[in-house]
Amino acid sequence: RDALAGPPVTVRADETLTGELLASLTARLARAPGQRLILVIAADGTIAAVTTRRALADRITGTAVPALSKEAARPCRLTVSTGQTFRQVAYLFVETGLTSAPVTDPATGQVVGVITLSDLLRARAHDLTEEHHRQRLIPRPAPPAAHDPVPHASGHARRTSGSGVTPSASNP
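Basis of the calculations
- Residues numbered from 1 in each chain as written.
- Predicted model: local features only at pLDDT ≥ 70, side-chain atom pairs only at ≥ 80, totals over all residues.
- Heavy atoms only, no water.
- Helix = DSSP H or I, 4+ residues; strand = E, 2+ residues; numbered from the N terminus.
- Buried < 20%, exposed > 50% of the residue type's maximum accessible area, 1.4 Å probe, protein only.
- Contact = heavy atoms within 4.5 Å.
- Pairing = 2+ DSSP bridges.
- Axes fitted to C-alpha atoms, helices over the stretch in contact; angles between N-to-C directions.
- pLDDT = per-residue confidence, 0-100.
- Salt bridge = Lys/Arg side-chain N within 4 Å of Asp/Glu carboxyl O.
- 1 Å grid on protein atoms, 1.4 Å probe; cavity = no way out; pocket = protein on both sides within 12 Å on 5 of 7 lines; lining within 4 Å.
- Points joined across faces, edges and corners; volume = space filled by probe spheres on them.
- Nonpolar A, V, L, I, M, F, W, Y, C, P; charged D, E, K, R; others polar.

**With respect to the overall build of the protein**
Thinking step 1. The number of helices and strands found in the protein is 4 helices and 8 strands.
Thinking step 2. Order of helices (α) and strands (β) in the protein, N terminus to C terminus: β-α-β-β-α-β-α-β-β-α-β-β.
Thinking step 3. Expressed as a percentage of its 172 residues, the buried residues of the protein come to 28%.
Thinking step 4. In the protein, of all internal contacts separated by at least 6 residues, the share reaching a separation of at least 24 is 52%.

**Considerations on the sheet that holds strand β4 (residues 80-81)**
Thinking step 1. With mixed pairing, 3 strands are arranged side by side in an open sheet as β4-β5-β6. In this open sheet, the two strands that pair with only one neighbour each are β4 and β6 (111-116).
Thinking step 2. With 5 bridges joining them, strand β5 (residues 100-104) and β6 adopt antiparallel strand pairing. Bridged to Val-103 within β6 is Gly-113.
Thinking step 3. This element, helix α3 (residues 86-96), spans β4, β5 and β6 of the sheet and lies at about 65 degrees to β6.

**Brief notes about the confidence of the model for the protein**
Thinking step 1. Across the protein, the average pLDDT comes to 78, with 69% of residues at or above 70.
Thinking step 2. Put simply, strand β8 (residues 157-158) is where the protein has its lowest mean pLDDT, 52, and strand β1 (residues 10-12) is where it has its highest, 93.

**Some remarks on the pairing of strand β3 (residues 47-51)**
Thinking step 1. In terms of burial, β3 is largely enclosed, as 4 of its 5 residues are buried.
Thinking step 2. Looking at chain direction, strand β2 (residues 38-41) and β3 are connected through 4 bridges and run antiparallel. In the strand pairing of β3, Val-40 is matched with Ala-49.
Thinking step 3. The hairpin formed by β2 and β3 contains 5 residues between the paired strands, and Gly-45 there has a positive phi angle of roughly 90 degrees.

**Describing the sheet that holds β2**
Thinking step 1. Sheet architecture is open: 3 strands sit in the order β1-β2-β3, paired in mixed fashion. The sheet is open, and its two borders are formed by β1 and β3, each paired with just one other strand. On average, each strand axis in the sheet is tilted by 30 degrees relative to the strand beside it, whichever way the strands run.

**A closer look at the pairing of β5**
Thinking step 1. Within β5, 5 of the 5 residues are buried, which leaves the element mostly enclosed by the surrounding structure.
Thinking step 2. Note that β4 and β5 share 2 bridges and pair parallel. Residue pairing in the sheet places Ser-81 in a bridge with Thr-104 of β5.
Thinking step 3. Between β5 and β6, which pair antiparallel and follow one another directly, the connecting turn spans 6 residues, one of which, Gly-109, has a positive phi of 80 degrees.

**Thoughts on the pattern of salt bridges**
Thinking step 1. Following the criterion strictly, the structure yields 4 salt bridges and no others.
Thinking step 2. Taking the shortest distance from any N to any O, the salt bridge between Arg-12 and Asp-14 comes out at 3.4 Å.
Thinking step 3. When the shortest N-O distance is used, the salt bridge between Arg-59 and Glu-71 registers 2.9 Å. Of this pair, Arg-59 sits in helix α2 (residues 53-61) while Glu-71 sits in the loop between α2 and β4, and the two are 12 residues apart along the sequence.

**Some words on the layout of surface pockets**
Thinking step 1. Taken as a whole, the second largest pocket encloses approximately 210 Å³ of empty space.
Thinking step 2. What lines the second largest pocket is a set of 13 residues, among which Leu-37, Arg-74, Leu-98, Thr-99 and Ser-100 lie closest to the centre.
Thinking step 3. Class assignment of the residues belonging to the lining of the second largest pocket gives a composition of 7 nonpolar, 3 polar and 3 charged.

Below you can see the structure in the form of structure tokens.
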């Protein structure tokens, strides 16, 4: 849930499409960077379908008869759950060719957000940055210099030869 940019932009399935509704959805999408999907929500709070601002606008201008939001929607091809890893979601995006998907709570089926490819990339960049900082904070021992004595299994120090190989009893 930490990777989700914000709450999903939703519309009720039985909501009548109007210019005012479209303006409201457009403003909400502008505040949700990278999110293009509008989730069409059924009366029980689950995903009924998905749509886009353009599909809604086309439906409003394409008919004189008032239309419902679900009439400008298409079935949702992919949903992911909060229990899935970023890697699993990335694989699903590759397999389906999609770049965003609604995220649901597996216990309730309720929508908690939308995850996009941009969200995945941002989360991965954050992980890499944290890993880089951890590595910088962990002191690394300095490698021994070529002229320093190298410890031997007998406990006595031996000097390395010019080749950098330590002479041993088995290799005279």
